Amino acid sequence: MGRKTIVVVLGMHRSGTSAITRSLQVLGVELGGDLIPPNLNVNAKGFWEDADVNALNIELLDALGHDWHSLTPVLPGDFNLPLVDAFKLRAVQLLREKLSAIDCFGLKDPRIARLLPFWLSVFDHLDIHVSYVIACRHPMSVARSLAKRDGFALEKAYQLWLEHTLASLSGTQNQPRIVVSYDLLMEEPATQLQRIAQALGLPFDAESQAFAEYREEFLEEGLRHTRFEAADLRLDKAVSPHVEELYSALLQMATDQVELDSPELDALLTRLQEGLRQNYTILHYAGQCEARVNECTNQIAAQEEEIASRGTQIDGLSVVVAERDNQIRDLSQTVAAQTGQINGLNEAIAHRDVQVQGLNQTVVSQEVQIVSLSAGIADRDNQIQSLNLAVAAQEEQIVSLNADIADCGKQIQGLNQVVVAQEEQIASLNAGIVQRDNQIQGLSQTVSAQGGQIDKLNKEMAWHCEQAHSLKLVVEDRDRQVAAMQATLQALYMSTSWRMTSHLRYIGRIKRKAKDIQIIARRQLQNESWFALAKKVLRVWRREGVNGLRARVRYQHYLATLSVPTPLVVPTFSAPSVPAAPTAAPVSPGVVSSFMPAALVRHPQGGYELAPASRGYTYIEPQRPADLDAQLAALDSAPLFSIVVPVYNTTPELLNAVLSSVQAQWYPHWELILADDASPAEETRKALAQIDHPKIKVLRLDSNKGISGATNVGLEAAQGEFIVFMDHDDELTVDCLYELALCINRENPDFIYSDEDKLTEQGEYIQPHFKPDWSPDTMMSTMYTCHVSCVRRSLLGKVGGLRSEFDGCQDWDFVLRVAEHTDRISHIPKVLYHWRIIPASVASDLAAKPYVIDASRRARMEALARRGLKASLEPLSQAPGYYRVNYHLQGSPLVSIIVPTRDNGSVLRRCIDSIQEKSSYRDLEIIVLDNGSVEPSTVAYFKEL
């Protein structure tokens, strides 16, 4: 099989590259079957671009922080970044697949002009014969077409034409190439195709059916919407002289008036490229301004849509409120009517009660009369008839009374209904009481749990008391020894011999000091002159006085008494929660001038020494406690930690550093999960295959899932109660898991983070990050928890794993979601993690990964939406890439202003008066905390408030 050939069509967008690429089919060049489909609104005849190549170019430009319409060209050094290697491998595989069944392949994408150094390296690697067709079209036609399609300003369109055309000509010097005018191709297609065929060694038959179809079906006069002459460029003020000059030369090349590789053309291209480099800063700033304007425009549009939506919501709510007002008015009228009815019924019942009482009295009176009549029946038989009549009258009265009683029964029935309603209310109240009982039971359980925590704290307090008692006994013993020594010294000082020899001792001290000064002077004069030494002594005397000179002399005397270098002892201590005996790290004292300040510094190899000046941050490695095993055995809980590490193309050296830092942990209960994200690097795969450890799992992914996807695979395989996140090129401190276990036993948290520092490629610890305790608002402004981070595995079921759409800020998004499910978040104020600084790492510079900024913005916007908060992210001009959250006020919440004070009543008065006079927000309260004021004026002012 012969050498493969690729014909690359270069040029600016809207320059006729599609028409030229379609013509290559007439010359026998194949364009492949995976072409971008036509767009009726943009290019109805078709783009004739390979979809795979187009997608790769878009991704590569995005990864480099550019787009096809960026004003600044891609710098040559950007193509040497590590991230380009993966794209290069994809491009090689892609072209190799495209050329597998094609001998001559046509390749067109205007973005190739901006990425030409990248594609040249791909062509060289594949050993392909490459020739180029450079499209030429009048800049005014191109600029107006871009203005219509994309809304670009003419100045920007001309600049893009200049950069694309200049890159196409400069990048193809001394290569087989030809410049083709789009306008000439439309007017005389046969002549232009003959030029292309001769320049590139391709066959062309003007009588062929393929050419006839191309001319009749594709080349329509309607494709040219504008026609301009070269001299028209002088009439457009938006055209720069460089554009006019380059287009004039391009026309000469398209009409074969000049050689493509002539010295004059090379000189022109060199001069124009130099001008482009000189304007790079201005173009970069203009691009940033344009991006900022677009962002502000989008924000304004979004805010206008939100305002319109809120207006619609307000209108709907107003209708609902009006309906509710009508319902309330109707209900009020109904209640008033029912109240009147109830009052009338109550009055009727009272009247009936009076009537019943009167009837009862009448019945009693009649019963008395009946008794009297019955007693006189025997004597008054002649009165029986009249008595019968009286009885009949009484029966009529009884009937009437029964009727009244029936009325009373109806009234009693109504009262019974009232009683039933009251019983229903009582039942409802009983249900409320049951609910309160349940709440009380829940609170009782909470109190019980807190009681357990209090018992645990009491145990710790008892242990501390025992330790304090032991230390007290030691101190008392030392005090007795000191008292005995002081008594001995006092007896010696009071003796006659001591007083008689005081003059001799004074003379001896003077002699020793003089001798010491003489020795010190000789030693110093070995390295410096009398004048330099005197100058140094004078400087110390002026700054620190006689005491400073005495201190330097004493220190030199101390150095002189050392026969061999004595290790410098640096005390270190274990965590404050578990007391341990102080240990020491040996440090070589070195040679330090007595007239310079001394500072403790660390060697990259691990040792410490004294230096003349501080080098900034000095990391002191923790020392293993002597009673570590006893401390671990005393833990109430010994959780298993699952350390999850996503791996991708990690060098064996960095991988070994990760393994060593994990295997060196003081805390023994851990497992390490390495999730290989389909690393293409052979050395990484070999290094992982050689790992053989019962606590280490190596997972191999079939395809690349990104850092979030690989981490989630590791999370699924984790068995530990807690998950520890770690990057594949960082290191844990030896006490990292030990401190996490202590924190879990102390505070029972769901999420833990610690302080950290950074590790350079030279092995130096720099840039410590001493973090604040948990602050939800700070977390919305900056991702400060970072490393090391540890989360309870059971919480992952609620929160979910990492999300790939936030790669670069996936940990920030994760912590924001964690904070929405728990408030048990603990901070260990100690460096437990070394973040390694490597090129293209966020540890070195946030700008190393520009997509991180966008991911961080989207993560916070989603968090605000989930929490139902209204806010906007505002970029910080003094810190590019960072944003502050500006929360929008919702409703009128009460603001409490707390003012602590003691006396100084006049100052307090000014403070409160300024709040009341100058605050435009009125829904507030002022709480004054008095810390025992005694001034009469202040106390009197308190009474005024």
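Residues numbered from 1 in each chain as written. Predicted model: local features only at pLDDT ≥ 70, side-chain atom pairs only at ≥ 80, totals over all residues. Heavy atoms only, no water.

## Side note on a nonpolar patch on the surface
- On the surface, L489, L492 and Y493 cluster together to form a nonpolar patch covering roughly 260 Å² of accessible area.
- Structurally, L492 is set in helix 13 (residues 384-494). (Patch = residues over 30% accessible without salt bridge, like charges linked within 9 Å, V, L, I, M, F, W, Y side chains within 5 Å. Areas by Shrake-Rupley, 256 points an atom, 1.4 Å probe, with all protein chains shown as cover. Salt bridge = Lys/Arg side-chain N within 4 Å of Asp/Glu carboxyl O. Helix = DSSP H or I, 4+ residues; strand = E, 2+ residues; numbered from the N terminus.)

## Quick word on the side chain of R22
- Looking at the element boundaries, R22 is found in helix 1 (residues 17-24).
- Notably, R22 is buried but unbridged: the nearest opposite-charge side chain belongs to E213, and the N-O separation is 5.2 Å.
- At 3.2 Å, the side chain of R22 and the side chain of Q25 are in polar contact.
- Non-local contacts of R22, meaning those with residues more than four positions away in its chain, are made with W48, Y214 and F218. (Buried < 20%, exposed > 50% of the residue type's maximum accessible area, 1.4 Å probe, protein only. Lys, Arg positive; Asp, Glu negative; His and termini not counted. Polar contact = N/O pair within 3.5 Å; in protein donor to acceptor, adjacent residues only side chain to side chain. Contact = heavy atoms within 4.5 Å.)

## Re the pairing of strand 3 (residues 129-136)
- Counted residue by residue, strand 3 has seven buried out of eight residues, so it is predominantly covered.
- Examined bridge by bridge, strand 1 (residues 5-10) and strand 3 share six bridges and lie parallel to one another. Directly across from V7, in strand 3, lies its bridge partner S131.
- Bridging between strand 3 and strand 4 (residues 177-181) involves five bridges; their strand directions are parallel. Counted as the bridge partner of C136 is S181 from strand 4. (Pairing = 2+ DSSP bridges.)

## Side note on a positive patch on the surface
- Taken together, R509, R512, K513, R550 and R554 make up a surface patch of like positive charges.
- Within the residue set of the positive patch, elements represented by two or more residues are helix 15 (502-525) and helix 16 (530-560).
- Per-element tally for the positive patch: the top contributor is helix 15, with three residues.
- As for its placement among the helices and strands, R512 is situated in helix 15. (Charge placed at Lys NZ, Arg CZ, Asp CG, Glu CD.)

## Things to note about the nonpolar core
- Among the nonpolar cores identified, the biggest contains 39 residues, and F641, I643, L672, L674 and L740 are the most heavily contacted of them.
- Of all elements in the fold, only helix 17 (628-633), strand 9 (641-647), helix 18 (652-663), strand 10 (670-676), helix 19 (682-689), strand 12 (722-725), helix 21 (736-747) and strand 17 (825-836) reach the threshold of two or more residues within this core.
- The leading source of residues in this core is helix 21, at eight residues.
- With sequence-adjacent residues up to four places away left out, F641 is seen in contact with Y667, H669, W670, E671, F722, V724, L737, L740, A741, I744 and C790.
- C136, A143, F152 and Y158 belong to the second largest nonpolar core, which has 35 residues in total. (Core = buried A, V, L, I, M, F, W, Y, C linked by side-chain atoms within 4.5 Å.)

## As for the sheet that holds strand 4
- The strand order 2-1-3-4 describes an open sheet built from four strands, whose pairing is parallel. The outermost strands of the open sheet, each flanked by one partner alone, are strand 2 (104-108) and strand 4. Averaged over all neighbouring strand pairs, the angle between strand axes comes to 20 degrees, with direction disregarded.
- One ladder, built from five bridges, connects strand 1 with strand 2; its direction is parallel. Along strand 2, the bridge assignment pairs V9 with K108. (Axes fitted to C-alpha atoms, helices over the stretch in contact; angles between N-to-C directions.)

## Some details on unusual backbone geometry
- The residue after H787, namely V788, is reached through a cis peptide bond having omega -15 degrees.
- You can see V788 is positioned in the loop between helix 22 (776-781) and strand 16 (789-792).
- Phi is positive for D127, which is not a glycine, with a value near 55 degrees.
- Mapped onto the fold, D127 is located in the loop between helix 4 (116-126) and strand 3.
- Unusually for a residue other than glycine, N748 sits at a positive phi of about 50 degrees.
- Looking at where N748 falls in the secondary structure, it is placed in the loop between helix 21 and strand 14 (751-759).

## Things to note about the environment of I620
- Residue position: I620 is located in the loop between strand 8 (608-611) and helix 17.
- For I620, a relative accessible area of 33% corresponds to the partly exposed category.

## Some thoughts on helix 19
- Among all positions in helix 19, only T684, A687 and L688 are buried. End-on view of helix 19: buried residues confined to an arc of 95 degrees, all on one side of the axis.
- Tucked into the core, helix 19 has its buried residues touching strand 9, helix 18, strand 10 and strand 11 (696-700). (Arc of directions from axis to C-beta.)

## Quick look at the confidence of the model for the protein chain
- Counting all residues, the mean pLDDT for the protein chain is 83, and 86% of those residues have values of 70 or more.
- Low pLDDT, under 50, characterises residues 562-597; the stretch is placed with 72 contacts to residues that sit more than four places away or in other chains. (pLDDT = per-residue confidence, 0-100.)

## Points about the packing of helix 6 (residues 154-171) against helix 11 (residues 263-278)
- With their axes 11 Å apart at the nearest point, helix 6 and helix 11 run at an angle of 135 degrees to one another. It follows from the interaxial angle that helix 6 and helix 11 lie oblique. Seen along the crossing, helix 6 lies across helix 11 with a hand that is left-handed. For the pair formed by helix 6 and helix 11, the contact residues are Q159, E163, L166, L169 and S170 on the first element and L269, L272, Q273 and L276 on the second.
- Split by residue class, the contact of helix 6 with helix 11 holds five nonpolar, three polar and one charged. (Parallel < 35°, antiparallel > 145°, perpendicular 65-115°, else oblique. Left-handed = near helix turned anticlockwise from the far one by under 90°. Nonpolar A, V, L, I, M, F, W, Y, C, P; charged D, E, K, R; others polar.)

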